[in-house]
Structures are given as C-alpha cells and as structure tokens.
Amino acid sequence: MVKIVFDGGHSLGTPGKETPDKEKEWSFNNEIVKAAIKEMNTYTGVQVKRTDDPTGKRDVPLGERVRIANDWGADYFCSIHNNAFEGKWGTHTGTETYTQTGVNSKDTLDFAKAVHRGMVRGMGLKDRGMKKNNYQVTRETKMAACLTEGAYMDSSIDIKKLRDKKVLQNAGKQIAIEIAKYKKLKKKAAPKPKPAPKEDKNVQGTIKVLVNDLAYYNKPDWDAKAGRVNKGEVFTVVGSLTVDGSKMYMLKSGTYITAWHEYVKFTKK
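Remember, it's a predicted structure, so these values are computed and weren't measured experimentally.

**Student:** What should I look at first to understand the sheet that holds strand β5 (residues 127–133) in this one?
**Tutor:** Two modes of strand pairing occur in sheets, parallel and antiparallel, and in both the strands are linked by backbone hydrogen bonds. Taken in spatial order, the six strands of this open sheet run β2-β1-β3-β6-β4-β5, and their pairing is mixed. Of all strands in the sheet, those bounded by a partner on one side alone are β2 (46–50) and β5. Geometrically, the sheet is characterised by an average inter-axis angle of 20° between neighbouring strands, direction not taken into account. As paired elements, strand β3 (residues 76–83) and strand β6 (residues 144–152) share seven bridges and run parallel to each other. Considered in β6, the bridge of I80 is made with T148. Strands β1 (2–7), β2 and β3 of the sheet are contacted by helix α2 (residues 62–72), whose axis makes an angle of about 170° with β1. Sheet contacts for helix α6 (residues 165–183): β1 and β3; angle to β1, the most-contacted strand, approximately 155°.

**Student:** Is there a simple way to think about the environment of M40 in this case?
**Tutor:** By secondary structure assignment, the location of M40 is in helix α1 (residues 25–40). On the basis of relative accessible area, M40 is assigned to the buried category, the value being 0%. The spacing of M40 and K187 is 147 residues in sequence and 9.3 Å in space, taken between C-alpha atoms. Residue contacts for M40: discarding those within four places in its chain leaves I4, F6, V46, V48, A176, I179, A180 and L185.

**Student:** Teacher, can you tell me more about the pairing of β6 here?
**Tutor:** When a strand is regular, its side chains alternate between the sheet's two faces. Taken across its nine residues, β6 has nine buried, putting it largely inside the fold. Here three bridges tie strand β4 (residues 95–100) to β6, and the two strands are oriented antiparallel to one another. Within β6, the residue paired with Y98 across the bridge is L147.

**Student:** Looking at this model, I keep getting lost on the layout of surface pockets. Mind explaining?
**Tutor:** Regions of empty space are outlined by a rolling probe, equal in size to a water molecule, passed over the atoms. Roughly 180 Å³ of volume is contained in the largest pocket. Elements supplying a minimum of two residues to the lining of the largest pocket: α2, β3, α4 (136–139) and β6. Among the residues making up the lining of the largest pocket, the classes are represented as five nonpolar, five polar and four charged.

**Student:** So what exactly am I meant to see when it comes to unusual backbone geometry here?
**Tutor:** Backbone phi values are negative for most residues with the exception of glycine, while trans is the configuration of most peptide bonds. Phi at H10 takes a positive value of approximately 60°, unusual for a residue other than glycine. The topology assignment puts H10 in the loop between β1 and α1. Phi angles above zero are rare outside glycine, and K184 is one such case at about 55°. Among the secondary structure elements, K184 is positioned in the loop between α6 and β7 (198–200).

**Student:** For this particular structure, what's the right way to read α6?
**Tutor:** Owing to its 3.6 residues per turn, the α-helix aligns residues three or four sequence positions apart on the same side. When the terminal C-alpha atoms of α6 are compared, their 27 Å separation across 19 residues agrees well with the 27 Å that a helix rising 1.5 Å per residue should span. Taken together, the buried positions of α6 are V167, L168, A171, G172, Q174, I175, A176, I177, E178, I179 and A180. Buried residues belonging to α6 abut β1, α1, β3, α3 (106–123) and α5 (159–162). Taken from the residues just after α6, K184 is the one with a positive phi, measuring 55°.

**Student:** When you look at the nonpolar core in this model, what are you seeing that I'm missing?
**Tutor:** With 35 residues, the main nonpolar core has I4, F6, M40, M123, L162, I175 and I179 as its most contacted residues. Per element, the largest residue contribution to this core is eight residues, and it comes from α6. Sequence-distant contacts of I4, defined by excluding residues within four places in its chain, comprise M40, V46, Q47, V48, K49, W72, Y76 and I179. The next biggest cluster of nonpolar side chains, apart from the first, holds 11 residues, and it includes V5, A69, F77 and A145.

**Student:** Before we go on, may I ask you to explain the pattern of salt bridges in this structure?
**Tutor:** Between side chains of opposite charge, a pair can form when the charged atoms approach closely. The final tally for this structure, using the stated rule, is 18 salt bridges. Between D52 and R50 there is a salt bridge, and its shortest N-O distance comes to 2.7 Å. Note that R65 and D59 form a salt bridge whose closest N and O atoms lie 3.3 Å from each other. Overall, the relative accessible area of 38% leaves D59 in the partly exposed class.

**Student:** Looking at this structure, how should I read the packing of α1 against α6?
**Tutor:** For any two helices packed against each other, one specifies the crossing angle of their axes together with the interaxial distance. Between α1 and α6, whose axes approach to 7 Å, the crossing angle comes to 40°. Classed by the angle they form, the pair α1 and α6 counts as oblique. The crossing of α1 and α6 is right-handed. In this structure, α1 contributes F28, E31, I32, A35, A36, E39 and M40 to the contact, and α6 contributes K165, L168, Q169, A171, G172, K173, I175, A176, I177, I179 and A180.

What counts as what
- Residues numbered from 1 in each chain as written.
- Predicted model: local features only at pLDDT ≥ 70, side-chain atom pairs only at ≥ 80, totals over all residues.
- Heavy atoms only, no water.
- Pairing = 2+ DSSP bridges.
- Helix = DSSP H or I, 4+ residues; strand = E, 2+ residues; numbered from the N terminus.
- Axes fitted to C-alpha atoms, helices over the stretch in contact; angles between N-to-C directions.
- Contact = heavy atoms within 4.5 Å.
- Buried < 20%, exposed > 50% of the residue type's maximum accessible area, 1.4 Å probe, protein only.
- 1 Å grid on protein atoms, 1.4 Å probe; cavity = no way out; pocket = protein on both sides within 12 Å on 5 of 7 lines; lining within 4 Å.
- Points joined across faces, edges and corners; volume = space filled by probe spheres on them.
- Nonpolar A, V, L, I, M, F, W, Y, C, P; charged D, E, K, R; others polar.
- Expected span 1.5 Å × (residues − 1).
- Core = buried A, V, L, I, M, F, W, Y, C linked by side-chain atoms within 4.5 Å.
- Salt bridge = Lys/Arg side-chain N within 4 Å of Asp/Glu carboxyl O.
- Parallel < 35°, antiparallel > 145°, perpendicular 65-115°, else oblique.
- Left-handed = near helix turned anticlockwise from the far one by under 90°.

Here's what the structure looks like:
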C-alpha cells in the first residue's frame, strides 16, 4: 500500500499569501489538492491523507504537518503552492518544483519529477524546471517529498489560469495521474451499471391504504403536486415497476397517478 500526503499550503488567513487583488493563495491550492485526491482515489493500492485544514480556516503549523506525515508512515509528501515575485502585477510566469537541498535519492527526484510533469501539463504555463531549496516540509519529513509552485499569483499571465477552476482541477488530476504512472498503480474496477427497471404489466385489481403516509401525485399533464394519502383511500392498480430489486406499484385514484413501494401497508380488495 502506497501512502501519499497532499498538503495545501498556508491558509485563508496566512499574511501576504494572496494576489495583488487580495485573492487568497489557499483557495487556488485547495482546488488542486481536492482534484489530486479525487483522482488518486480512483486507483487501487493507495491511501491518501491531507495535512492542511481542508476548510482553510486554520493555518496548521508546518511542524504539525510534518509530524502528521511522519506518524502516519507516509511514503510520499507533496506540498501544493502558488508563487509570488514582488506582490505587484508583472509578466513573470511559470511552474517550478522543489526538492530538499542535499537530498538526491532517486525515489525523491523521480517522485518530484512526476509531480512536476503533472503540474506543468495541467497549468499549461512555462516550465521553469526542477529546483532545490530548504523548506521545513521537505527537510523534516521522513519520506520522499517535494513542493511545487504551480503559477505566479502576481503575474498578469498566470492569474488567468489560477482564476479558472477547470485549469486548477486539471492540474490536480494530472499530478495524480503522473504519480500513478510512476508507482504503476492500477485503476479500480468500474462499478457495474444498475439494471433498467422492468415493467410488470400483469398486476391488476385495487389497493386500499391501511395507514396514513405522504406521497407525490402526478396529474396527467405531469405537474407535480404533493399530497397526503389517507387511510381507507382506494387506488386502482395500473401496473408496477421493479427498481433496484424493490417493487413499486403504479396506482391511480381519479385523475391522479402515484407510485408506492411494496413495503407500504396496504391490502388488495
């Protein structure tokens, strides 16, 4: 079982982590992380954990994030961020990914390269390459770790990507796809489609309701109307359907047609 940590970086309230228009970095990071986790969960042989606050309200200390990953026994740690240059709009642009200075293990570098490929493909921006730095989340974690900067929040070029949720979601998805390729993970089997309802045209007679219950009626013109079925009310049975193994009787009273599950207490006259 491969254990992967995704970290959204910062929080909504982290000072300075925003665009010149005060859009919060975490809101961009969050979309990428959610999409990465969603896609990662479509594979077998993998478990995923998130170390930032998924509501964005609490700025989880970096030491706590590291401890969560280490205590869980994670195999990989991926911290998702978005960059800034001078805090004012400019034309700088691109995606870059960092590993810890002095760490050159093949697993760490290959994992980071996989994450970087996914982010570059998803964001569609200039590839600024792989770099080294001394970040706490890459220095103190006991597993292969990287930190990726998807785009510049103060770039008039990159902000167009960051404001597009579809781009952010695709970036997260592509990161997960590249990690799955690197670890040779297989997709989970697709769920079997539910069988189509089978109509039973042989039901005849009438049904008398024995208990009060709520039902939804449909007039012949199909305008929906909610109403109460009263004890003693009699319906004509006009057919039945079997849906997910449960029979529903199609009942008519005057101009109204409704459907009742077979577990409703009634008796045939």
